[in-house]
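Take a look at the letters that make up each chain.
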Amino acid sequence: MRVPLEWLRSLVSLPDVSTEEIAERLTMFDLKLEEIVGGGITGPLTVGRVLEVRPEEQKNGKVINWCRVDVGALNEPSVPDAPGDDVPSRGIICGAHNFKPGDLVVVSLPGTFLPELGFEIGSRKTYGHVSDGMICSTKELGLPDDATTADGILVLEPGSAQPGDSATSLLGLDDQTLDLEVNPDRAYALSLRGVARDAALAFGVPFQDPADAVAVPTGSGGYPVRVEDPLGCPVFTTLVVTGVDPTRTTPSWMARRITQAGMRSISLSVDISNYVMLELGQPNHCYDRDKVAGDLVVRRAEAGESLTTLDDVKRTLTPEDLVIVDDNGIIGLAGVMGGASTELDDSSRNVVVEAAFWDPATIFRGERRHKLPSEAAKRYERGVDPELTLRGAARVAQLLVELGGGTLEPGHTTIGQAPARAAVTFPVDLPARISGLAISPEDAQLTFERNGCAVSREGDTFSVTPPSWRFDLNDPYDFVEEALRSAGYENVPSVLPTPTGGRGLSRSQVLRRRVGHVLAGTGLVEVTTLPFVGPADFDRLGLADEDPRRTQVLLENPLSSEEPGLTTTLLTGVLKAASLNVGRGHEDVAVDEIGRVFLPRPGAPDAPLYGVDRRPTPEELAVLDASLPEQPFHVAFALVGQRVRRGWSGPGRAADWADAIDVVRRLGEALHVELVVEQAQRAPFHPGRCAAFRLDGSVVGYAGELHPSVASAYGLPERAVAGEVDLDALIAASPEIGPRPEFSALPVAKEDLAFLVDADVTAESLRSALVSAHPLVESVRLFDVYTGDPVPEGQKSLAFALRLRAPDHTLTDTEITEARAALVSAAEQLGGVLR
Amino acid sequence: MSAPNKDFDPVEVTPLRADELERVRDEAVAAVAAASTLAELKQVRIEHAGDRSPIALANREIGALPPQARKDAGQRIGQARGAINQALAARTAELEQLEEQRRLVEETVDVTLPTDRDPVGARHPITTIQETVADIFVAMGWEVAEGPEVEAEWLNFDALNLGPDHPARTMQDTFWVTPASAARVLRTHTSPVQARTMLTREPPIYVVVPGRVYRTDEADATHMPVFHQVEGLAIDKGLSMAHLKGTLDHFARAVYGTEMTTRFRPSYFPFTEPSAEVDLLCYVCHNDPAEVASCGTCRGEGWVEWGGCGVVNPRVLVACGVDPEVYSGFAFGMGLDRTITSRYDIADLRDLWDGDIRFTEPFGVGL
Ligand SMILES: [Zn+2]
């Protein structure tokens, strides 16, 4: 809301303080200053009359004008090198062409500071002449662009000023305007009336409501109206003004206020309508009475009906739209925009003034449905004072009479009445209790009253009836805010509450942190990526058409049609990140991400929209949860390039499938869960180099070398590896108490055994067979895999280092021999032969 | 070997003469001292203490002495041999130490060679700042609550006093999950977790909620469709705006140092009443009159916007099953991404999301 300071001061006598201080007080009164507009121009900004214009073509073909301008008392006696007669004037170079001799223009003489330009105008030599200042455009003056001046110099109305007059005061450029941010609950402050009331409160000065000063017609009259939808239109008022002189123009004081308030001055009748909306907050509409046929009717539109609005757009309406109709059809979209057929034109003399109170929700929906924001709708959707229709219309009529020469027809038509406001009761100490500030009941009562409330106090209870314009005062706490606003937010003391003691982080929070640290300790760099993906991402991963990971949670309004939903795998993010890094020239990249994936739940119910007057039952809450997709935390990572870097000490070592598996193994160890590694085949991995991780029977993740086509699709080198694990599953399986340390100080017996087995016997199967072969086996570690001569074709040699130990005694030779025999026999079960 | 010398005349057995033994001993000790390497010393040992050394040869002559003279001669030889062995042992130790010193000098390496053969990992600053904030509150006895990112419309809006026609719903450009009729959204704030907490726990409640939230903003240098917030919620008997101020002051000091203060400005949020914007004293110029005018961080304001807060609207309490006649509470929320970008002077928010490892690496495993 732009509030011209001159206008504000005309409505409330504010103390003589700086604009900044007024803005600061209003900010602390919940009318936040966005910026102070205007007022920055200093120096001789002057009205001038163009005497001569001599076009001069330049070498580059551009034509500039060498002008002589009469600036009255500020003229130089003569201008050397000037075109035409040598009479007192100033010589100025101007590149624009939309003016002619005789025009009144605005001249910034040397010494003028224009904030839009950011520097002081000087006298300077240009295009072969000394230009003694500048002829100004609207933009250079900081005025809003106007269709008539957008292409150049501001040309003033003939006769509106004399050469040498101060253009600063003529155009109101010394006026300052406060651009205030009005929160949605303070609809009343979208008017000078509302801001003035708050300013009076903020400065503790008296306030006279300008609405009270409007004379109100009595008796029946106006223009006949039928309201068929009183819920959508609780109050509707019409007045008629006849004999308005269409040649009258808007007085400059009104045009200036409207312009400073951020709207455009258009014609007297339109300006009056907007002026009253800005002044009192009552949007209104003027119809050409001679174009309206029969009664005005307010009703809902029928499907298929349409209306051409004032912006010349034909709009198809729905039965939710509230419209105003005459005998010829729809003439306006209620509260949003009028229609073209009945609008005032250059010859309109007789005017029907309409002012209504519309249901805010209806306007809100209509405005959104038609994507038709307007100054009127902005006010109606937030709530316009329902008591104001008659006074608002009367104020429009009053100005049409005073400024337009019209005559107000007697009486008015007002259908409906403002809904009564209920009193709100609450304890008198509530403001102090909730604000934490010592606000006495007496101070609170005074504040409420000055806001326009009717207050009664019985013992320890207030009963407060809010005024018609306050849509935000409904609950006791709303009045706390009002009291606090006057007492000062800046005065709230600082008191640290003392909770009774929490339980710290949850187990899953602790374990997720642990995983983050383990990954970083493993040399991985965490990334965080956007979760939006689409079919192209799944294609790049090489997912089969029927792969369930292609089934996404989709969005109604994705930012990009290429990425219509949320990801089902974090591999999309880490591989993109790896790809970006490789593309930026990093050879060795190790990245990870910890985040949620989004897995649709087939047959999930819709999420119910419960009421808000009570807590939903546990069963109702369970339906809410069941309606949502599963969103488990996953971990994914990708390793590209060297795992051990090449350097002076050696050629380094490329990351390979084993590194990928090892990352997951470390996570399992960190969380004390036993992950069983199995051979697997799954996109996006190499079919022979992919491991599945099984936890308590279920597969919880995969890791391995990327399929060459996937690596290539992401622009990664061959042999890049990756993995992804369901972190929630790992955390859920992580025991509260980790494994008990078990070790013995007694001597160990070491045995190295190598077995020949068929090539398809996995190392893990033989290892686990050996581990459980004999109770004395303490540990089994594979230290060599060998194929080739002399190992027969189709077989391999697996060599294990075994440690045997008893917890309570030193092993005897006999025991060792027995254990060794058991190990050999266990290997034989898998077809293994001791080498 | 000579035949037994019946007529004893020690002088006749020259090697056993005292002066001769002294000479042998002195020669040996001198040779030991002259040995400069362990190899030389080995040679000296053979020559002066070995089987064919003068002392060994002298020892063999003892048999030629009459029995009554053998004891003396034996003693003399023993003493000489002892002296030689002692010298050998001492010199061996000396030379071993010298040799080790030499070897160690030879083994000198250039310790400035790069040792970064194994890659170093790092954690994303957004992760770390969420943990830092959580730790500040956990230290005060609060707990950390979490909730889903795809959320029920009712929890994201209705339960928070944002009814279907509430103007505030237009202020938050929401991602709707298909089909829209199923009333699911990508949460636009972490506030539904506050509602979930009230719906599932009995007061007193003190929780802080860090997490990802979504708005339909196209990605550019200052906007992202996904960002991170931290919100707090306290519900207890007798809580007021003053407790909110105390909590935020403490939080601000924990993050920005003991000199930090906050400021309330009135504002509007549907889920709080009264509502306030909370500003931080500008952490660059500290609103110092000499610096504030030219400060780019606060643009001359002396304060920077931090977040929104207020007393929990009793309508929210009712929808979430908390009795507003018994309990009151406060809530606050602020963005974390901008905290990172402003404190580390990062011009483009997209840097947080691209995954360039050079962005994350400097943060290491802590801010
Ligand atoms: Zn600053």
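Residues numbered from 1 in each chain as written. Chains lettered and ligands numbered in written order. Predicted model: local features only at pLDDT ≥ 70, side-chain atom pairs only at ≥ 80, totals over all residues. Heavy atoms only, no water.

### Describing the overall build of chain A
Working step 1: Helix and strand content of chain A: 21 helices and 43 strands.
Working step 2: In summary, chain A has a C-alpha radius of gyration of 41 Å against a globular reference of 28 Å for 835 residues, an excess of more than 25%.
Working step 3: Looking at chain A as a whole, 51% of its 835 residues qualify as buried.
Working step 4: The contacts in chain A between residues at least 6 apart in sequence include a share of 69% that link residues at least 24 apart.
Working step 5: A total of about 36700 Å² of accessible surface is found on chain A, and carbon and sulfur atoms cover 50% of it.
Working step 6: Within chain A, one finds 77 positive and 121 negative side-chain charges whose respective centroids are separated by 3 Å. (Helix = DSSP H or I, 4+ residues; strand = E, 2+ residues; numbered from the N terminus. Rg over C-alpha atoms; globule rule 2.2 N^0.38 Å. Buried < 20%, exposed > 50% of the residue type's maximum accessible area, 1.4 Å probe, protein only. Contact = heavy atoms within 4.5 Å. Areas by Shrake-Rupley, 256 points an atom, 1.4 Å probe, with all protein chains shown as cover. Lys, Arg positive; Asp, Glu negative; His and termini not counted. Charge placed at Lys NZ, Arg CZ, Asp CG, Glu CD.)

### Notes on the interface of chain B and chain A
Working step 1: Between chain B and chain A, the contact holds 109 residues from the first and 98 residues from the second.
Working step 2: Overall, the association of chain B and chain A removes approximately 8800 Å² of surface from exposure, summing both partners, and the carbon and sulfur fraction of that is 58%.
Working step 3: In this structure, the connection of chain B to chain A is made through 13 salt bridges.
Working step 4: Between Asp 354 of chain B and Arg 584 of chain A there is a salt bridge; the shortest N-O distance is 3.7 Å.
Working step 5: In terms of residues, the side of chain B that touches chain A owes the most to one element, helix H9 (residues 241-256) of chain B, which gives eight residues.
Working step 6: Tallied by class, the residues present in the side of chain B that touches chain A amount to 55 nonpolar, 24 polar and 30 charged. (Buried area = accessible area lost by both parts, 1.4 Å probe. Salt bridge = Lys/Arg side-chain N within 4 Å of Asp/Glu carboxyl O. Nonpolar A, V, L, I, M, F, W, Y, C, P; charged D, E, K, R; others polar.)

### Brief notes about the domain arrangement of chain A
Working step 1: Parsing chain A into structural domains produces domain 1 (2-38 + 177-208), domain 2 (45-170), domain 3 (225-415), domain 4 (424-487), domain 5 (507-733) and domain 6 (749-834).
Working step 2: When each unit is reduced to the centre of its C-alpha atoms, the spacing between domain 2 of chain A and domain 3 of chain A is 41 Å. (Domains from an automatic or database assignment.)

### Considerations on unusual backbone geometry
If a residue is not glycine, its phi is most likely negative; likewise, a peptide bond is most likely trans.
Working step 1: The omega angle of the peptide bond from Thr 178 of chain B to Pro 179 of chain B is -10°, so this bond is cis rather than trans.
Working step 2: Here Pro 179 of chain B lies in the loop between helix H7 (167-171) and strand S3 (184-186).
Working step 3: Cis geometry marks the peptide bond from Glu 273 of chain B to Pro 274 of chain B; its omega dihedral reads -5°.
Working step 4: With a phi angle near 60°, His 672 of chain A is a residue other than glycine that sits in the positive phi range.
Working step 5: As for its placement among the helices and strands, His 672 of chain A is situated in the loop between helix H17 (657-670) and strand S36 (676-679).
Working step 6: A relative accessible area of 39% means that His 672 of chain A is categorised as partly exposed.
Working step 7: Non-glycine residue Ala 183 of chain B carries a positive phi angle of around 60°.
Working step 8: With respect to the secondary-structure elements, Ala 183 of chain B resides in the loop between H7 and S3.

### Digging into the packing of helix H7 (residues 360-369) of chain A against helix H8 (residues 375-382) of chain A
All names here are of chain A.
Working step 1: Remark: H7 packs on H8, axes separated minimally by 7 Å, with the N-to-C direction vectors making an angle of 140°. Considered as vectors, H7 and H8 are oriented oblique to each other. For the element pair H7 and H8, the recorded crossing hand is left-handed. Between H7, through Pro 360, Ile 363, Phe 364 and Glu 367, and H8, the contact on the second element is made entirely by Ala 377, Tyr 380 and Glu 381.
Working step 2: In terms of residue class, the contact of H7 with H8 is built from five nonpolar, no polar and two charged. (Axes fitted to C-alpha atoms, helices over the stretch in contact; angles between N-to-C directions. Parallel < 35°, antiparallel > 145°, perpendicular 65-115°, else oblique. Left-handed = near helix turned anticlockwise from the far one by under 90°.)

### Brief notes about the coordination of the zinc ion
When a metal holds four donors in a tetrahedron, each ideal angle between them is 109.5 degrees; when it holds six in an octahedron, the ideal angles are 90 or 180 degrees.
Residues and elements named next belong to chain B.
Working step 1: Protein coordination at the zinc ion: the donors are Cys 282 (SG), Cys 285 (SG), Cys 295 (SG) and Cys 298 (SG), at 2.2 to 2.3 Å from the metal.
Working step 2: Around the zinc ion sit four donor atoms; with metal-centred angles ranging over 105 to 114°, the donor geometry is tetrahedral.
Working step 3: All donors of the zinc ion come from a single chain, and their spacing in sequence reads C-x2-C-x9-C-x2-C. Taken as a pair, Cys 282 in the loop between strand S7 (272-281) and strand S8 (303-312) and Cys 298 in the loop between S7 and S8 lie far apart in primary sequence, 16 residues in all. Cys 298 matches Cys 282 in its accessibility class, with the two residues each being buried. (Donors = N, O, S within 2.8 Å, 3.2 Å for Na, K, Ca; no water. Tetrahedral: all angles 85-135°; square planar, octahedral: opposite > 155°, others 65-115°.)

### Some points on H8 of chain A
All names here are of chain A.
Working step 1: Residues of H8 that are buried include every one of Ala 376, Ala 377, Arg 379, Tyr 380 and Glu 381, and no others.
Working step 2: Buried residues along H8 sit in contact with helix H6 (268-280), strand S23 (351-357) and H7.
Working step 3: The first or second residue beyond H8 is Gly 383, which carries a positive phi of 120°.

### Focus on the side chain of Arg 91 of chain B
Working step 1: Position of Arg 91 of chain B relative to the elements: it lies in helix H4 (residues 67-106).
Working step 2: Setting aside its immediate chain neighbours within four residues, Arg 91 of chain B contacts Val 32, Ala 33, Ala 35, Ser 36 and Leu 41 of chain B.

### Topic: the pairing of strand S3 (residues 45-57) of chain A
All names here are of chain A.
Working step 1: Across five bridges, the pairing between S3 and strand S6 (residues 104-108) is antiparallel. Pairing of Val 47 across the sheet is with Val 106, part of S6.
Working step 2: Bridge count for S3 against strand S4 (residues 63-70) is eight bridges, and the pairing is antiparallel. Bridge assignment links Val 53 to a residue of S4, and that residue is Cys 67.
Working step 3: Where S3 folds back on S4, the antiparallel hairpin that results is connected by five residues, among which Gly 61 adopts a positive phi of roughly 90°. (Pairing = 2+ DSSP bridges.)

### Section: the pattern of salt bridges
All names here are of chain A.
Working step 1: Applying the stated criterion to the full structure yields 80 salt bridges over all chains.
Working step 2: Note that Glu 35 is salt-bridged to Arg 2, the shortest N-O span being 4.0 Å. You can see Glu 35 sitting in strand S2 (residues 31-37) and its partner Arg 2 sitting in strand S1 (residues 2-4), a full 33 residues away along the chain.
Working step 3: A residue is classified by how much of its surface remains accessible, and Glu 35, at 40% relative accessible area, is partly exposed.
Working step 4: Judged by relative accessible area, Arg 2 falls into the partly exposed class, the value being 28%.
Working step 5: Linking Glu 669 and Arg 665 is a salt bridge whose minimum nitrogen-to-oxygen distance equals 2.8 Å. Pair noted here: Glu 669 and Arg 665 are both in helix H17, with a separation of four residues, about one helical turn.
Working step 6: One network of salt bridges, with partners in common, ties together Asp 30, Arg 186, Asp 198, Arg 470, Asp 472, Glu 481, Glu 482 and Arg 485.

### Looking at the packing of helix H13 (residues 507-521) of chain A against H17 of chain A
Residue and element names in this part refer to chain A.
Working step 1: The contact between H13 and H17 brings their axes to 10 Å, and the two run at 140°. Put simply, H13 runs oblique to H17. Relative to H17, H13 is oriented so that their crossing is right-handed. Judged by residue contacts, Arg 514, Val 515, Val 518 and Leu 519 of H13 engage Val 663, Arg 666, Leu 667 and Ala 670 from H17.
Working step 2: Grouping the constituent residues of the contact of H13 with H17 by class yields six nonpolar, no polar and two charged.

### Digging into the environment of Val 177 of chain B
Working step 1: On the secondary structure map, Val 177 of chain B appears in the loop between H7 and S3.
Working step 2: It is 108 Å that separates the C-alpha atoms of Val 177 of chain B and Asn 59 of chain B, two residues lying 118 residues apart in sequence.
Working step 3: If sequence neighbours within four positions are ignored, Val 177 of chain B has contacts with Val 553, Leu 554, Leu 555 and Glu 556 of chain A together with Val 150, Arg 184, Val 185 and Leu 186 of chain B.

### Some points on the nonpolar core
When a protein is soluble and globular, its nonpolar side chains tend to lie buried together.
Working step 1: Formed by 114 residues in total, the largest nonpolar core has its most connected members in Phe 448 of chain A together with Leu 248, Phe 264 and Phe 332 of chain B.
Working step 2: Residue contacts for Phe 264 of chain B: discarding those within four places in its chain leaves Met 28, Tyr 489 and Val 492 of chain A together with Met 241, Leu 244, Lys 245, Leu 248, Ala 276, Glu 277, Val 278 and Cys 309 of chain B.
Working step 3: If you look at the next biggest cluster of nonpolar residues, it comprises 60 residues, including Leu 180, Ala 199, Ala 393 and Ala 394 of chain A. (Core = buried A, V, L, I, M, F, W, Y, C linked by side-chain atoms within 4.5 Å.)

### Details of the sheet that holds strand S43 (residues 833-834) of chain A
Where strands meet in a sheet, backbone hydrogen bonds hold them as pairs that are either parallel or antiparallel.
Residues and elements named next belong to chain A.
Working step 1: Spatial strand order, S41-S42-S40-S43: four strands in an open sheet with antiparallel pairing. This sheet does not close on itself; its edge strands, each paired only once, are strand S41 (777-786) and S43.
Working step 2: Pairing analysis gives two bridges linking strand S40 (residues 749-758) to S43, with the strands arranged antiparallel. Note on S43: the bridge partner recorded for Phe 755 is Leu 834.

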